[in-house]
Amino acid sequence: LIAFCYRWYDVRHVPFQNMLEVFISMGMMVWPLSIFCRRVLKISGDAADMMIGTILLFPAGFVFHAEPQHLPPALQSWLFIPHVAVYLISYVIMAKAAIQAFGKSGKINVSENFVDSEEGTYRLICFGFPLLTLGLILGSYWGKLAWGDYWGWDPKELWSLVSWLVYVGYFHWRYMFGKKYVRVNSAFAIAGLAAI
């Protein structure tokens, strides 16, 4: 949080411009999302949260380096903050869902009333998917305002759509066959994060 606030002060805009800023921002989101998942969604996963935080903050501290820069004109839009923010939040949620998908189904922590890993994965994806969808819609609208077209089929747009479609496939599969083939549900959740 301190690094995020300092970077915001230093660059004079919300720190979402480059990989250093993105990883700091996502790392900052892990703790509040962890509390939300534990208290509201009834999903455990302290070890997973620590792993996600480490994976996000290690590159921010030791791999990426970026000098402060002014935002280019294309990023100076009112859509910059909400578009990037909802995507980053959804990415952290989907990472937690993918790690949850590695757990064994059917194991319930009764003392703290947590759901099993399969149900936890489903709840996380249900929470993250609308944010992923909103990010896609906001990006499309931003493209229309900035470049005059809602969709241009560039690699960022295409992979945003691919990752969204993987999660649509997850919901479809889980609804149709998910109770019988639980491991495929997990494979979809992990594939969704891989697509992201």
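In this text the structure is predicted, and so the values were computed from the model without any measurement.

### Details of helix 3 (residues 46-62)
Now for step 1: With 17 residues, helix 3 extends 24 Å between its outermost C-alpha atoms, agreeing within 8% with the 24 Å of an ideal straight helix rising 1.5 Å per residue.
Now for step 2: All of the buried residues along helix 3 are Ala48, Asp49, Ile52, Gly53, Leu56, Pro59 and Ala60.
Now for step 3: Among the structural elements, helix 2 (19-41) and helix 4 (80-101) are those in contact with the buried residues of helix 3.

### Brief notes about the layout of surface pockets
Now for step 1: Taken as a whole, the largest pocket spans an internal volume of roughly 1,200 Å³.
Now for step 2: As for the largest pocket, its lining consists of 43 residues, and the residues nearest its centre are His83, Tyr87, Tyr91, Lys156 and Ser160.
Now for step 3: When contributions to the lining of the largest pocket are tallied by element, the ones reaching two or more residues are helix 2, helix 3, helix 4, helix 5 (117-147), helix 6 (155-177) and helix 7 (182-195).
Now for step 4: Counting residues per element, the lining of the largest pocket draws most heavily on helix 4, which supplies 10 residues.
Now for step 5: In the lining of the largest pocket, the residues fall into 30 nonpolar, 10 polar and 3 charged.

### Focus: a nonpolar patch on the surface
Now for step 1: A cluster of nonpolar residues, Trp78, Tyr141, Leu145 and Tyr150, forms a patch on the protein surface that exposes about 470 Å² of accessible area.
Now for step 2: Structurally, the position occupied by Trp78 is in the loop between helix 3 and helix 4.
Now for step 3: Given a relative accessible area of 59%, Trp78 falls into the exposed group.

### Structural notes on the side chain of Asp116
Now for step 1: By secondary structure assignment, the location of Asp116 is in the loop between helix 4 and helix 5.
Now for step 2: Summary of buried charges: Asp116 has no salt-bridge partner, and the nearest side chain of opposite charge, Arg174, is 7.0 Å away.
Now for step 3: Here the side chain of Asp116 touches Glu119 through a polar contact of 2.9 Å, landing on its backbone nitrogen.

### Description of the packing of aromatic side chains
Now for step 1: Tallied over the full model, the rule gives 14 aromatic pairs.
Now for step 2: Taking 5.6 Å as the distance between ring centres and 80 degrees as the angle between the ring planes, the aromatic pair formed by Trp151 and Trp153 counts as edge-to-face.
Now for step 3: Its relative accessible area of 58% is what places Trp153 among the exposed residues.
Now for step 4: Geometry around Tyr9 places Arg12 over its ring, the cationic atom sitting 5.3 Å from the centre.
Now for step 5: One residue, Arg174, lies across the ring of Tyr122, its end atom 3.7 Å from the ring centre.

Rules used in this analysis
All residue numbers here refer to positions counted from 1 along the written sequence of the relevant chain. Whole-chain, interface and lining totals are the exception, using all residues; otherwise, since this is a predicted model, local features are given only for residues with pLDDT of at least 70 and side-chain atom pairs are given and counted only at 80 or more. Side-chain numbers come from the whole structure's heavy atoms, not from hydrogens or water. Only DSSP runs of H or I covering at least 4 residues are called helices, and only runs of E covering at least 2 are called strands; the numbering of each starts at the N terminus. The span you would expect from a helix comes to 1.5 Å times its residue count less one. Note on classification: 1.4 Å probe, protein chains only; a residue is buried when its accessible area is under 20% of the maximum for its type, exposed when over 50%, partly exposed between these limits. Note on definitions: a residue-residue contact is assigned when non-hydrogen atoms from the two residues lie within 4.5 Å. Buriedness for pockets is judged along seven lines, at least five of which must meet protein on both sides within 12 Å for an open set on the 1 Å grid over protein atoms alone, while cavities are sets there where a 1.4 Å probe fits but cannot get out, and lining residues have an atom within 4 Å of a point. Grid points are joined across faces, edges and corners, and a volume is the space filled by probe spheres set on the points. Classification used: nonpolar for Ala, Val, Leu, Ile, Met, Phe, Trp, Tyr, Cys and Pro, charged for Asp, Glu, Lys and Arg, polar for all others including Gly. Distance thresholds for patches are 9 Å for like charges and 5 Å for nonpolar side chains (Val, Leu, Ile, Met, Phe, Trp, Tyr), applied to residues having over 30% relative accessible area and no salt bridge. Using a 1.4 Å probe, the Shrake-Rupley method yields the accessible areas, and only the shown protein chains count as cover for residues. We define a salt bridge as a side-chain nitrogen of Lys or Arg found within 4 Å of a carboxyl oxygen belonging to Asp or Glu. Positive: Lys, Arg. Negative: Asp, Glu. His and the chain ends are not part of the count. Within 3.5 Å is the distance limit for a polar contact, defined as a pair of N or O atoms, with the added protein rule that one can donate a hydrogen and the other accept it, and that residues adjacent in sequence qualify only through two side-chain atoms. The aromatic pairing rule takes the rings of Phe, Tyr and Trp, using the six-membered ring of Trp, and pairs them if the centres are within 6.5 Å, calling planes under 30 degrees apart stacked, those over 60 edge-to-face and the rest tilted. Over a ring means this: the NZ of a Lys or the CZ of an Arg is within 6 Å of the ring centre and within 35 degrees of the ring normal.

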